[in-house]
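Analysis of the macromolecular model
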Number of protein chains: 2
Amino acid sequence: MAATGVLSGMRVVEAAAFVAAPLGGMTLAQMGADVIRIDTLGGGLDYRRWPVTDDDTSLFWTGLNKSKRSVALDLSSQEGRELAMALICAPGPDAGLFVTNFPPRGWLDYDRLRAGRSDLIQLTLQGDRHGGSAVDYTVNPRLGVPAMTGPASSGEPVNHVLPAWDLITGQMVAVGLLAAERHRGRTGQGQHIKLSLQDVGLAVMAHLGFIEEARRGQPRARHGNELFGAFGRDFRCADGERVMVVGLTGKQWRAIADATGLGAEFDALGRQLGLDLAQEGNRFRARREIGERVGAWIAARPLAAVAQAFDAQGVCWTRYQGIEQLVNSDPECSPANPMFSTLHQPGVGEVLAPGIPLDFQGSGRLPAQPAPVLGQHTEEVLAQLLGLDTAQFGRLAERGVVARPPVG
Amino acid sequence: MAATGVLSGMRVVEAAAFVAAPLGGMTLAQMGADVIRIDTLGGGLDYRRWPVTDDDTSLFWTGLNKSKRSVALDLSSQEGRELAMALICAPGPDAGLFVTNFPPRGWLDYDRLRAGRSDLIQLTLQGDRHGGSAVDYTVNPRLGVPAMTGPASSGEPVNHVLPAWDLITGQMVAVGLLAAERHRGRTGQGQHIKLSLQDVGLAVMAHLGFIEEARRGQPRARHGNELFGAFGRDFRCADGERVMVVGLTGKQWRAIADATGLGAEFDALGRQLGLDLAQEGNRFRARREIGERVGAWIAARPLAAVAQAFDAQGVCWTRYQGIEQLVNSDPECSPANPMFSTLHQPGVGEVLAPGIPLDFQGSGRLPAQPAPVLGQHTEEVLAQLLGLDTAQFGRLAERGVVARPPVG
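Residues numbered from 1 in each chain as written. Chains lettered and ligands numbered in written order. Predicted model: local features only at pLDDT ≥ 70, side-chain atom pairs only at ≥ 80, totals over all residues. Heavy atoms only, no water.

- Going by the annotation in an unreviewed UniProt entry, the name recorded for chain A is CoA transferase, with Caenimonas aquaedulcis given as the source organism.

Here it is as structure tokens:
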């Protein structure tokens, strides 16, 4: 069965930059929605975002705009903005969805856009809920996460490398558009949805209990590489390789005991400490003593022997590997994993590209498609959505409102 | 206008534990869906997950199950499992949605469940795509993130504190259910959707360019607290307070120059290095030299003076604060932020609880609702969905298949 995509027929316009909003758009595109990204001529704020190739093509931009169509317009001109507004408001029962992380003012004001399509759904992503400047790298320190990260002995904050807040928010962008479209299908009503990166962060910190424990006078301490509230941490094998071992559930804990043969020692330890180690919280309380025993067992064996014993008992563990090991030797990060395919990305060459992780077993999962060349679909989209003919497009090009894209 | 929730009318059954799948369910619940969580009697694997109160009520469980209804059944008994299956397959045009992170075998086998409802949508979350054991704490080291995190001078891996992969995946659970329901509404077809935490991680690492740069022989190095590819890092003020300062976009970069008065020095630096610092990548290349100048300016001033100068020019920055400062003195983490409300959580007391960060300005945003007491809605749900009367419920209770919940 050739997959058509679970969102086939839906059309979304995106005018956005960086991670969250483009990831939201791409999530929909990789499920089959027609996502039209509008950029200004020459590219927007994220068009050169690192990492880049040797000739300055952004692996970031091409990574976050897969499966979209690209329209490039001179958004500094009134005519360019009017074309963008017309695309946002173009008719179609499964259209009229717009996502942006630009300020919802001027031509992006919801009430103004809505004059062109009364049931428009617009999702505006902001840094904070007041429209102020905030990015993943500033939200995270404000939430207190860097102060809890890294070696327990250190007082230095540790920033995260993964823009986690952006990534969570990106999925929430897709959630918001899908939920609002469902509502519109039942009521006929469009609406403006506001979402802020900072509010996503605050909500998550509350959901996980970080905020409530701090409100109760027990702010989370730094625990280095230890899992909070149960047993889990990193260890070094005899050959220097590092492993992460987790005993969160009872089954995982028993597997560690079985694989290491330390069950009797754990029992004795529990009696000595007066703690029932079958309870996860007690494993956290006894983490130092448990860690010493597990650590000694692991330190006496090379990774291969640890792996064999752990896998035989179904221990929840992994080896720490660098990204070079991930890409060079882990079969999950290769076309052997059906989520991935190797494709030609204009400006970059052959890339390993993932489709959507959601494996829709009934309707099928679409393979990854490359990101467009900037402006690749300008003429096609203006013709299809606004009925512009070749001559009209040519006149726009002469006035510099649109450009003919380079051959990719 | 009293908000009814953008997903009002939708019904979802959840049988799950820990972060991702319950967060997916809660995301839908906080938009107005009727989310019925099924647990085994006494609670599932996450019922005591830390953080906990002094009397062992989980702030984690109550945080991730807000706005849901709770049904508790003896899932080790055939009768309990049959009741669960009947709830999953209960009729209703906006029902027949099921999310789980338990193995899709036995009573949770999709084909078996589908016999009870042919258009059932089931989303099964797994650790890896083969159904193997993997959790956030093992996925992350395998992806290479801890090896890139922390001080550049250190060779030690640094685990993240925030279960970022779980959180991204949780939102993707909601995306998958909404997308599949949209598809079912158009085609009548339900389906089984599989999603793995590890695939989410791999996809994200590719989207952001980490995988492609490593495939091209340039694996990302550790850059400590520095933002990659532009200018951004932490600094220490004269009074010891720490700040994060970001110059990612041109506007952000100019704001730093204006606030610090270092514009002429930056120009001279650019000429000296032969780098146009208006280009973000060159700011990364010159990060050490820029950092010395910005750092000296900040080190000469207490936080208050830095804040005043930065805010006057719209610099993208933040103070590093601990979570105790966040909860005690940041108005965004209080009921002054309309996302939050103070409510009574059974077993915990007064908590500061967030609703959904998505602010649906047309249909309204629902206020946060507490998590249920375990089994609080068993009788109500069995009556409503399966038509069980009081006498039938009483006989189930006598046989130990259900329990009457404690008064919360």
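1. Details of the confidence of the model for chain A
- In the predicted model, chain A carries a mean pLDDT of 96, and 99% of its residues have values of at least 70.
- Overall fold confidence (pTM) sits at 0.98, and the ipTM for the predicted complex is 0.98. (pLDDT = per-residue confidence, 0-100.)

2. Points about the packing of helix α7 (residues 164–187) of chain A against helix α8 (residues 197–207) of chain A
Residues and elements named next belong to chain A.
- At their nearest, the axes of α7 and α8 sit 9 Å apart, and the two run at 100 degrees to each other. Classified by the angle their axes make, α7 and α8 are roughly perpendicular. Note on element contacts: α8 touches α7 through Leu197, Val200, Gly201, Val204 and Met205, opposite Trp165, Asp166, Ile168, Thr169 and Met172.
- The residue inventory of the contact of α7 with α8, partitioned by class, reads seven nonpolar, two polar and one charged. (Axes fitted to C-alpha atoms, helices over the stretch in contact; angles between N-to-C directions. Helix = DSSP H or I, 4+ residues; strand = E, 2+ residues; numbered from the N terminus. Parallel < 35°, antiparallel > 145°, perpendicular 65-115°, else oblique. Contact = heavy atoms within 4.5 Å. Nonpolar A, V, L, I, M, F, W, Y, C, P; charged D, E, K, R; others polar.)

3. Digging into the side chain of A:His377
- In this structure, A:His377 sits in the loop between β12 (359–360) and α16 (378–386).
- What A:His377 contacts, discounting residues up to four positions off in sequence, is A:Lys68, A:Arg69, A:Ser70, A:Val71 and A:Pro372.

4. Here we look at the interface of chain B and chain A
- The interface of chain B with chain A comprises 140 residues on the first partner and 139 residues on the second.
- Between chain B and chain A, the buried area comes to about 12,100 Å², and carbon and sulfur atoms account for 66% of it.
- Along the contact surface separating chain B from chain A lie 18 salt bridges.
- Linking chain B with chain A are 47 residue pairs in polar contact (both at pLDDT 80 or more).
- Broken down by class, the residue content of the side of chain B that touches chain A amounts to 76 nonpolar, 35 polar and 29 charged.
- Note that β12(A) and strand β6 (residues 191–196) of chain B share two bridges and pair antiparallel. Looking across to β6(B), one finds that A:Asp359 is bridged to B:Lys194. (Buried area = accessible area lost by both parts, 1.4 Å probe. Salt bridge = Lys/Arg side-chain N within 4 Å of Asp/Glu carboxyl O. Polar contact = N/O pair within 3.5 Å; in protein donor to acceptor, adjacent residues only side chain to side chain. Pairing = 2+ DSSP bridges.)

5. Examining the sheet that holds strand β9 (residues 316–319) of chain A
All names here are of chain A.
- With antiparallel pairing, three strands are arranged side by side in an open sheet as β7-β8-β9. With partners counted over all chains shown, the strands left at the sheet margins are β7 (231–236) and β9, one partner each. Between one strand and the next, the sheet's axes are offset by a mean angle of 15 degrees, whatever the strand orientation.
- Relative to β9, strand β8 (residues 242–247) runs antiparallel, the two being bridged by four bridges. When the bridges of β9 are listed, Met244 appears paired with Thr318.
- Sheet contacts for helix α13 (residues 287–299): β7 and β8; angle to β7, the most-contacted strand, approximately 35 degrees.

6. Some points on the packing of aromatic side chains
- If you walk through the whole model with that rule in mind, you get 18 aromatic pairs over all chains.
- Ring centres of A:Phe284 and B:Trp50 lie 5.3 Å apart, and the angle between their planes is 70 degrees; on these two criteria the pair is classed as edge-to-face. With A:Phe284 in helix α12 (residues 280–285) and B:Trp50 in the loop between β2 (34–40) and α2 (59–64), the pair connects residues from two separate chains. The exposure classification of A:Phe284 matches that of B:Trp50, with both residues buried. (Phe/Tyr/Trp six-rings, centres within 6.5 Å; stacked < 30°, edge-to-face > 60°. Buried < 20%, exposed > 50% of the residue type's maximum accessible area, 1.4 Å probe, protein only.)

7. Remarks on the relation of the copies chain B and chain A
- Superposition record for chain B on chain A: RMSD 0.0 Å, screw rotation 180 degrees, translation along axis 0.0 Å. What the superposition gives is, in effect, a two-fold axis relating one chain to the other. By C-alpha distance to the rotation axis, the residue of chain B lying nearest is B:Ile168, at 2.3 Å. (Least-squares fit on C-alpha atoms with pLDDT ≥ 70 in both.)

8. Concerning the pairing of strand β4 (residues 97–100) of chain B
Residues and elements named next belong to chain B.
- Residue alternation in β4 divides its side chains into two sets, Leu97 and Val99 and Phe98 and Thr100, and both sets are buried.
- Note that strand β1 (residues 11–15) and β4 share four bridges and pair parallel. Bridge pairing in β4 links Val12 to Leu97.
- Two elements, β4 and strand β5 (residues 121–126), share four bridges in a ladder whose sense is parallel. For Leu97, the partnering residue across the bridge sits in β5 and is Ile121.

9. Digging into the domain arrangement of chain A
- Domain assignment breaks chain A into domain 1 (11–206 + 338–398) and domain 2 (242–319).
- Taking only C-alpha atoms into account, the centre of domain 1 of chain A sits 44 Å from that of domain 2 of chain A. (Domains from an automatic or database assignment.)

10. Focus on the environment of A:Gly188
- Structurally, the position occupied by A:Gly188 is in the loop between α7 and β6 (191–196).
- As a C-alpha pair, A:Gly188 and A:Leu120 span 68 residues in sequence and 9.9 Å in three-dimensional space.

11. A closer look at helix α1 (residues 20–29) of chain B
- Among the ten residues in α1(B), ten count as buried, and that is most of the element.
- Where α1(B) is concerned, the buried positions are B:Ala20, B:Ala21, B:Pro22, B:Leu23, B:Gly24, B:Gly25, B:Met26, B:Thr27, B:Leu28 and B:Ala29.

12. A word on the pairing of strand β1 (residues 11–15) of chain A
Residue and element names in this part refer to chain A.
- Within β1, five of the five residues are buried, which leaves the element mostly enclosed by the surrounding structure.
- What you see with β1 is no split at all: Arg11, Val13 and Ala15 on one side and Val12 and Glu14 on the other are buried throughout.
- Examined bridge by bridge, β1 and strand β2 (residues 34–40) share four bridges and lie parallel to one another. Bridging across to β2, Arg11 finds its partner in Asp34.

13. What about the environment of B:Val315?
Residues and elements named next belong to chain B.
- One can find Val315 in the loop between α14 (303–313) and β9 (316–319).
- Sequence separation between Val315 and Ala255 is 60 residues, and the spatial gap between their C-alpha atoms is 5.2 Å.
- If we skip the residues at most four places from it in the chain, Val315 touches Val245, Ala255, Ile256, Ala259 and Phe310.

14. Quick word on unusual backbone geometry
Residues and elements named next belong to chain A.
- Looking along the chain, the bond that leaves Trp50 and enters Pro51 is cis, with omega of 0 degrees.
- Inspection of the secondary structure assignment puts Pro51 in the loop between β2 and α2 (59–64).
- Unusually for a residue other than glycine, Phe18 sits at a positive phi of about 70 degrees.
- In this structure, Phe18 sits in the loop between β1 and α1 (20–29).
- Note on Phe18: relative accessible area 16%, which makes it buried.
- Positive phi, close to 75 degrees, is recorded for Asp56, a residue that is not glycine.
- The topology assignment puts Asp56 in the loop between β2 and α2.

15. Considerations on helix α11 (residues 263–273) of chain A
Residues and elements named next belong to chain A.
- Listed as buried for α11 are Phe266, Leu269 and Gly270. Summarising the axial view, the buried residues of α11 lie within an arc of 100 degrees, below the 170-degree limit, and thus occupy one face. Relative to its buried face, α11 has exposed residues pointing more than 90 degrees away, namely Ala264, Arg271 and Gln272.
- Tucked inside the fold, the buried residues of α11 contact α10 (250–260) and α13.
- Directly after α11, the chain includes Gly274, whose backbone phi takes a positive value near 70 degrees. (Arc of directions from axis to C-beta.)

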